[in-house]
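Breakdown of the fold
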Amino acid sequence: MFNIVRNPSKDLEGILSSIVVGYYYQEGTYTILSSYIENLAKRKGLQLTFESSKITIKVKKAATNVVLKSQEIPKDVLNEASYVAFKIASEVALCSTPSSWSILSYSGKISEGKRKVRYIKIGKGIFSAFITYENGKERSFLSLKLKVMCYKTVLVLKKSVFYGETIYPDDLEFKKIDVLEILGTPASTQDAYYSKAKRTLKIGEILTLDSIKRKPDAVKGEILVAYAALPGIYVTVMVEALQDGYIGDTIRVKNLTSGKILKGVLQKDKRVKILEVER
């Protein structure tokens, strides 16, 4: 983006570098519409005009991330980076604080005024953040590239589990890892124990919510309490679940006393609200 304008000023360079054109995951040559860049620039308060209707860009392999030393970074930039890192840790990893964070690159200008933060994950633990400062009609921008780490204890498989198999407590162990390095949300014991694998899971793999189908709230053969509420009458009976079910599902159950088959809705307290009696 620095090549759009010859010899840009420091402020202009910071604004231009904050314009995200797109994310390309392979090296090569790409063609984009110049009007697309012009519209992005307008959002930053810039008026750009190109001679051609199309722009050719070359994408090269990114250099290895280099962590900047804190003494090389202005204190106000460190403060803003700290704010963003804590925001990422709490919103993405559900951690109260990040285990550690560092600045890989930054550009732009910090000013007083209302602060608006946007960020996106661009790699394992790597985030691109953009901060807008508004003070009346004045606006300034700060672009950050951060490496954020957040260690949590999660469930890891001690053995391989095939598609459709049940995952038992003995199949899992706890390990402390950087959760921002993984894709997906780690599963809790409540979600994981007795759940079923939605795909083949390998030994050492971190168990995530998207890889499992959690255990039903009521399983076939489980003994439950069913009830019927009528005007002036409230009746409860012991029943056996005839199928698996989750909270809110309508399931079939059998009255243990009469042997009749009933249909009802599974409630949050795992009681079954009877809807009808099957003939």
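Residues numbered from 1 in each chain as written. Predicted model: local features only at pLDDT ≥ 70, side-chain atom pairs only at ≥ 80, totals over all residues. Heavy atoms only, no water.

1. Quick word on the overall build of the protein
Defined as follows: Counting from the N terminus, the helices are the DSSP runs of H or I reaching at least four residues and the strands are the DSSP runs of E reaching at least two. Any residue under 20% of the maximum accessible area for its type is buried, any over 50% is exposed, and the rest in between are partly exposed; the area is computed with a 1.4 Å probe on protein chains only. In this description, contact between two residues means that some pair of their heavy atoms is separated by no more than 4.5 Å. The protein chains shown are the only cover counted for residues, whose accessible areas, like all others here, come from Shrake-Rupley with a 1.4 Å probe.
Looking only at helices and strands, the protein features 4 helices and 16 strands. Evaluated residue by residue, the protein yields a buried proportion of 32% over its 279 residues. Taking as baseline every contact in the protein between residues at least 6 positions apart, the subset at least 24 positions apart corresponds to 50%. For the protein, the exposed surface amounts to about 17,700 Å²; the carbon and sulfur share of it is 51%.

2. Overview of the state of the cysteines
Going by this rule: In this description, the term disulfide denotes a pair of cysteine sulfurs within 2.5 Å.
Applying the stated criterion across every chain yields a total of 1 disulfide. The disulfide bridge from Cys-95 ends at Cys-150, spanning 1.9 Å between sulfur atoms. Taken as a pair, Cys-95 in the loop between helix 3 (75–92) and strand 3 (100–108) and Cys-150 in the loop between strand 6 (138–149) and strand 7 (151–157) lie far apart in primary sequence, 55 residues in all. Just as Cys-95 is buried, Cys-150 falls in that class too.

3. Considering the sheet that holds strand 3
Sheet strands line up and pair through hydrogen bonds in the backbone, either parallel or antiparallel. Operational definition: Note: two strands are recorded as paired if DSSP finds a minimum of 2 bridges between them. For every element, the axis is a line fit to its C-alpha atoms; helices are fit only across the contacting stretch, and the angle between N-to-C directions ranges from 0 to 180 degrees.
Read across the sheet, 4 strands follow the order 3-6-5-4 without closing on themselves; strand pairing throughout is antiparallel. Since the sheet does not close on itself, it has two edges, and those belong to strand 3 and strand 4 (114–123), each with one partner. For this sheet, the mean inter-axis angle between neighbouring strands, taken without regard to orientation, is 25°. As defined by bridge partners, strand 4 adjoins strand 5 (residues 126–135) across 9 bridges and the pair is classed as antiparallel.

4. Looking at the sheet that holds strand 14 (residues 250–255)
Pairing within the closed barrel is mixed, and its 5 strands lie in the order 12-13-14-15-16. Neighbouring strand axes in the sheet, compared pairwise and without regard to direction, differ in orientation by 55° on average. Relative to strand 13 (residues 233–241), strand 12 (residues 223–230) runs antiparallel, the two being bridged by 8 bridges. Residue pairing for strand 13: Leu-230 is matched across the bridge by Ile-233.

5. Examining the side chain of Thr-132
Along the chain, Thr-132 falls in strand 5. The class for Thr-132 is buried, based on a relative accessible area of 6%. Leaving out residues up to four positions away in the same chain, Thr-132 has contacts with Lys-114, Arg-115, Lys-116, Arg-139, Ser-140 and Phe-141.

6. A few points about unusual backbone geometry
Backbone geometry places Tyr-194, a non-glycine residue, at a positive phi of 65°. Mapped onto the elements of the fold, Tyr-194 is located in the loop between helix 4 (189–192) and strand 10 (195–197). Residue classification places Tyr-194 among the partly exposed positions, given a relative accessible area of 39%. Positive phi is not limited to glycine here, since Lys-270 has a value of about 65°. By the secondary structure assignment, Lys-270 is in the loop between strand 15 (261–266) and strand 16 (272–277).

7. Considerations on the pattern of salt bridges
Put simply, the test is: One speaks of a salt bridge when a side-chain nitrogen belonging to Lys or Arg is within 4 Å of a carboxyl oxygen belonging to Asp or Glu.
Under the counting rule described, the total for this entry stands at 9 salt bridges. Taking the shortest distance from any N to any O, the salt bridge between Lys-147 and Glu-181 comes out at 2.6 Å. Here Lys-147 is found in strand 6, whereas its partner Glu-181 is found in the loop between strand 9 (172–178) and helix 4, with 34 residues between them in sequence. Overall, Lys-147 belongs to the buried group, its relative accessible area being 17%. Residues Glu-278 and Arg-252 are paired through a salt bridge, measuring 3.2 Å at the closest nitrogen-oxygen approach. Placement of the pair is Glu-278 in the segment after strand 16 and Arg-252 in strand 14, with a sequence separation of 26 residues.

8. Describing the pairing of strand 12
Linking strand 12 to strand 13, which pair antiparallel, is a turn of 2 residues; within it Gly-232 sits at a positive phi near 80°. The pairing of strand 12 with strand 16 spans 2 bridges and is parallel. Looking across to strand 16, one finds that Tyr-227 is bridged to Lys-273.

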